[in-house]
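Letter by letter, the chains look like this.
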Amino acid sequence: MNRFIKKAAVIGSGVMGSGIAAHLANIGIPTLLLDIVPTELTEEEKAKGLTLQDTRVRNRISTLSLQKLLKQKPAPLTTKQNLSLIEAGNLEDDIGRLTEVDWVIEVVVENLNVKKQVFEKVDRFRKPGSIVSSNTSGISIEAMAEGRSEDFKKHFLGTHFFNPPRYLKLLEVIPTKFTDPDVLTFMKKFGEDVLGKGIVVAKDTPNFIANRIGTYGLLVTLQQMLKGGYSIGEVDSITGPLIGRPKSATFRTLDVVGLDTFIHVANNVYEQVEGNEKKVFEVPAFMKEMLEKGWIGSKAGQGFFLKKGKEIAELNPLTMEYEPRKKLKTAATEMSRQEKGLANKVKALVYAKDRAGEFLWTILSPVLLYSAELLGTIADDLVAIDRAMKWGFGWEMGPFETWDAIGVEKSVQKMKESGAEIPQWVTLMLEQGHTSFYKEENGQLYYYDHGKYIPVKVNPKAIRIEQLKKQNGVIKRNSGASLVDMGDGVALLEFHSQNNAIGLDILQMINFATEEVEKKYKGLVIGNQGKNFCVGANLAMIVMEAQDDNVYELDMVVRQFQQAGMRLKYCSKPVVAAPFAMTLGGGAEICLAAAHIQASSETYMGLVETGVGLIPGGGGNKEWYCKHLESIPKGVTIDLQAIANKVFETIAMAKVSASADEAREYQFLTAVDGISFNGDHLLYDAKMKVLALSEQGFRPKQRRKIPVVGETGYATLLLGAQSMYLSGFISEHDLKIAKKLAYVLAGGKVPFGTEVDEQYLLDLEREAFLSLVAEPKSQQRMQHMLLKGKPLRN
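These figures come from a predicted structure and were not determined experimentally.

One pass over the structure, following the stated rule, counts three cavities of 30 Å³ or more. What the largest cavity holds in volume is close to 60 Å³. Lining the largest cavity, in full, are Q562, G565, M566, E589, L592, A593, G618, G619, G620, K622, E623 and L762. Where the lining of the largest cavity is concerned, the elements lending two or more residues are α25 (551-569), α26 (586-593) and α27 (620-630). When grouped by side-chain class, the residues that make up the lining of the largest cavity number four nonpolar, five polar and three charged.

Written out as C-alpha cells, the structure reads:
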C-alpha cells in the first residue's frame, strides 16, 4: 500500500507534544495540536468577559503551548514561519477532525488509564488506515491497544522521540504483535527519509532500549560515586568527552533532563523488574530528598549544581549543602589525553590503577554486562542497542563498540576475577574463537549474532567518506583536503584540516579539484563529516603573518582564496556545497561560490569576520550581495540601497542563521537550494543534485557587471553605524570596521547605480581586509578568539 503522510495530529501539547508538532511543521507537515478543555477561567479571561464556551478559552492550553515554542531554547522551530503550519485545538470540539489526518501521535501524561481513554476516543474518530502511535517513554504499547478495533491495532505502534525532537536523532519504533508489518516498514522509512531520524526497532519492554540502559548506567554511576567517596564534580569531569560522552556528562545531564523526569523513568523499570536489577533501579535517598526540596535541576534553578555568581557549586550528597566544584585529575586522565582515538583513550583509562581508572571500570563494566544480558529482550541485535545509545544519549561508542575498544577477552577475564556473571552468549562467542562483537572485511562491517557474523545493514543514502576511500580510493590528498571519487562520475572535495579551517592546502586542493572535475567528472560535491562543515579561514595563520608584518604573504593568501571562489563559481561542471553545523566566514564564502547548496537542516551559516575585527575577504561580501540581486524577479524594480543596507547590517552584526531555513531567510540559500533533514543523507542528496544538474545540461553563470550604490549609498550605509557609535553601542574600532565594510559594499567612490566588474569589488574587499589585519585592535580580537573562543569588543 502506498502511504503518504500529508497531515498529522498531536494529542497533548506539553513540551514534548508541542516539540513533536514543531518538528513535523519544520518538515512541512500541517499538524493539529490538541489538548484538554480548561475547566476554569483565568483572571485575564474573566477580565475580558470570556466564558468557558469561548473558543479562545477552550483552545487555551494548546494555544499557550504554541506561543511557548517561540520562546524556548534551543528553538524547536527551524524558523518562526513554521508556526503557521500548527493549528491549536481541543479534544472535544476538534476530535472529529482526526478524519483529516494520516497520523495521530499521542503525547499525554504517562498514565496507562489516561492513554487508554484517549485511544478509545481516537479509535471512534480516526479514518480507517490512518497510523496511530504513542510517544510513551516506557509504558507497554500492547497494553494501550487493549479493547481497540482490529484496524486500530493493525495501524498502532510506539514512536518514542527523544527530547528535544528537533535535535536528538533517535526515534525508537515499537511494534506490537498486532502491528501490520507494512505499517512498521513504512514508519521506519518515513522516520529516516522524511523525519530525518535514526530509527531503531525496540521490543515492548519497560523503557525500551536507550532509557533502559541509559538510566541503568546513570544509577550505577550514582551508587559507585557514593560507595567510592567521589564528588559530583569529580564524576562529571571524567564521565564526559574523556570517555566519548556529551559535555554534560552525568549530573549536568540530569540537571538538564530534570530530576523529576529521571526518577519517573527509573521508577517505571523498578516497578517491573526483580532481584539485582531492581536494586540498581532504586533511586538513592539523597535524590528523593532533592525532589522533595524541589531541587530538580535547570528548570528550578538548582539541582546537582548551583550557579553562585560566576562560580558553579556542586551538591555534597552527604551534607546536602553546596560546595566549590571539584575536578578529578590523575595519571590515567593525563595519559589518556596522549592516546590517539577514543577507543585507545578509553582502553587506557579503564585498566588504570588509580582513582579515575578504577571508578570508570566500576561504572562501565556493569553497563556492558547489562546490555549483553538484555540482548534479545529489548532488541533483536546488538547494533540496535549501540545505535540507540549513540543517537539517544549522545555516546560516541555504543556498549558493544566500547567493549570491543577495551578488548573483550581481557575485560571478561577481569570481570570474572571480580565475581561478575558473564552472559552465556558472550562466553560462547569467546569459546568459538570470536574475540569481538564487530569485525570489518573488505570494507564491509559485520556484527556477531548467534555464532556467526552478519553484515550491518546501512541505508545506501548514508554515505560514509571513509568507506568511499576504501572502495574507490583517493584521487589526491594533502594535509588539509582530499579529492575522493564518489562513484557515478561525481567527485567529493573533503576538508580535513584542524576545525576544517581554510588554509593554503585547502585552496590548492580547490584549484586541483576544479581542474580535475572539468576534465574527468560530471560534477563536484564539497562536503565532509567532521564536527562542523568549516569554521572559516585559518585564523592562527592570519594572526601570525600579521604580527610578523608579512603583508605580501597575506595578500597572496587572500588573492588565492578569492581566485578559488571564482574557479568554483565559474566551473564548467556543477559544484554543490553540502554544509552542516557551523558554516562560518570562509566556510560560508565557499558555499556562496557554489552553483547549488544542499544544506543540512541544522546548518548555522554566517559571515562572522567582524567579530574578529575583519570583514569577509574571500569574496563573501560581493557574492552575498550578488545573491540578493539575483533573488529579485525579472521585471521588478531593484532597490539597490535596500539590498546594500540589508547585506551591510547582517555582515556588520555577524548574524548567524539558527537553521538552514533561517539561512534561506537571510538569503545565504536561494529558493532552489535544497535542505536535507537527515544529516546522514546529506552527501547522497548533494551527489544526486550534481547528477540532476549534469543531466539537465548544466551551464555555469555568465560574468556580468554588478550595479552598486556608490558614494551616496556609502553615506547612507554609515548613518546607522555612526548613530550606534554616538549612542555608545559600538566602539570606535567597530565603527572603523563598519566604514571599511560599507566602502566595499558601496563599490567605492563611484556614482549611484554604476555597474562594476567582479574583480573590482574583490580588489576593494582584499584591500579593506588587509588594512584591518594590520590594525592592532583587530589582532587583539583575533588572538582573543583563538585563546578564549569568544569575541572581544575593544
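Attention shifts here to the packing of helix α9 (residues 210-228) against helix α18 (residues 382-393). Orientation of α9 relative to α18, taken along the N-to-C sense of each, is 75°, at an axis distance of 9 Å. With respect to their mutual orientation, α9 and α18 come out roughly perpendicular. Where α9 abuts α18, its residues A210, N211, I213, G214 and L218 lie against I385, A388, M389 and F393. When the residues that make up the contact of α9 with α18 are grouped by side-chain class, the tally is seven nonpolar, two polar and no charged.

Turning our attention to the packing of helix α12 (residues 259-270) against helix α14 (residues 285-293). Taken N-terminus to C-terminus, the directions of α12 and α14 make an angle of 130°; their axes are 10 Å apart at the nearest point. Here α12 lies oblique to α14, going by the angle between them. Two packed elements cross with a definite hand, and for α12 against α14 that hand is left-handed. Contact with α12, carried on its side by L259, D260, F262 and I263, involves M287, M290 and L291 of α14 and no other residues of that element.

Turning to the pattern of salt bridges, a few remarks are in order. Counted by the stated rule, this structure contains 49 salt bridges. In this structure, the salt-bridge partner of E323 is K326, at a minimum N-O distance of 3.2 Å. E323 gets classed as partly exposed once you look at its relative accessible area, which sits at 26%. Under the relative-accessibility criterion, K326 is labelled partly exposed at 33%. Note that E515 is salt-bridged to R567, the shortest N-O span being 3.4 Å. In this pair, E515 is assigned in helix α23 (residues 504-520) and R567 in helix α25, connecting sequence segments 52 residues apart. Classification of E515 by relative accessible area gives partly exposed; the value is 38%.

In terms of residue burial, strand β17 (residues 490-495) counts as a mostly covered element, since six of its six residues are buried. Alternating residues of β17 divide into V490, L492 and E494 and A491, L493 and F495, and every residue in both groups is buried. Both strand β16 (residues 481-487) and β17 contribute to a ladder of six bridges, which runs antiparallel. Considered in β17, the bridge of A481 is made with F495. Following β16, the chain reverses through two residues before pairing antiparallel with β17; D488 in that reversal takes a positive phi of roughly 60°. In terms of strand pairing, β17 meets strand β18 (residues 523-526) through four bridges, oriented parallel. For L493, the partnering residue across the bridge sits in β18 and is I526.

Conventions and cut-offs
- Residues numbered from 1 in each chain as written.
- Predicted model: local features only at pLDDT ≥ 70, side-chain atom pairs only at ≥ 80, totals over all residues.
- Heavy atoms only, no water.
- 1 Å grid on protein atoms, 1.4 Å probe; cavity = no way out; pocket = protein on both sides within 12 Å on 5 of 7 lines; lining within 4 Å.
- Points joined across faces, edges and corners; volume = space filled by probe spheres on them.
- Helix = DSSP H or I, 4+ residues; strand = E, 2+ residues; numbered from the N terminus.
- Nonpolar A, V, L, I, M, F, W, Y, C, P; charged D, E, K, R; others polar.
- Axes fitted to C-alpha atoms, helices over the stretch in contact; angles between N-to-C directions.
- Parallel < 35°, antiparallel > 145°, perpendicular 65-115°, else oblique.
- Contact = heavy atoms within 4.5 Å.
- Left-handed = near helix turned anticlockwise from the far one by under 90°.
- Salt bridge = Lys/Arg side-chain N within 4 Å of Asp/Glu carboxyl O.
- Buried < 20%, exposed > 50% of the residue type's maximum accessible area, 1.4 Å probe, protein only.
- Pairing = 2+ DSSP bridges.

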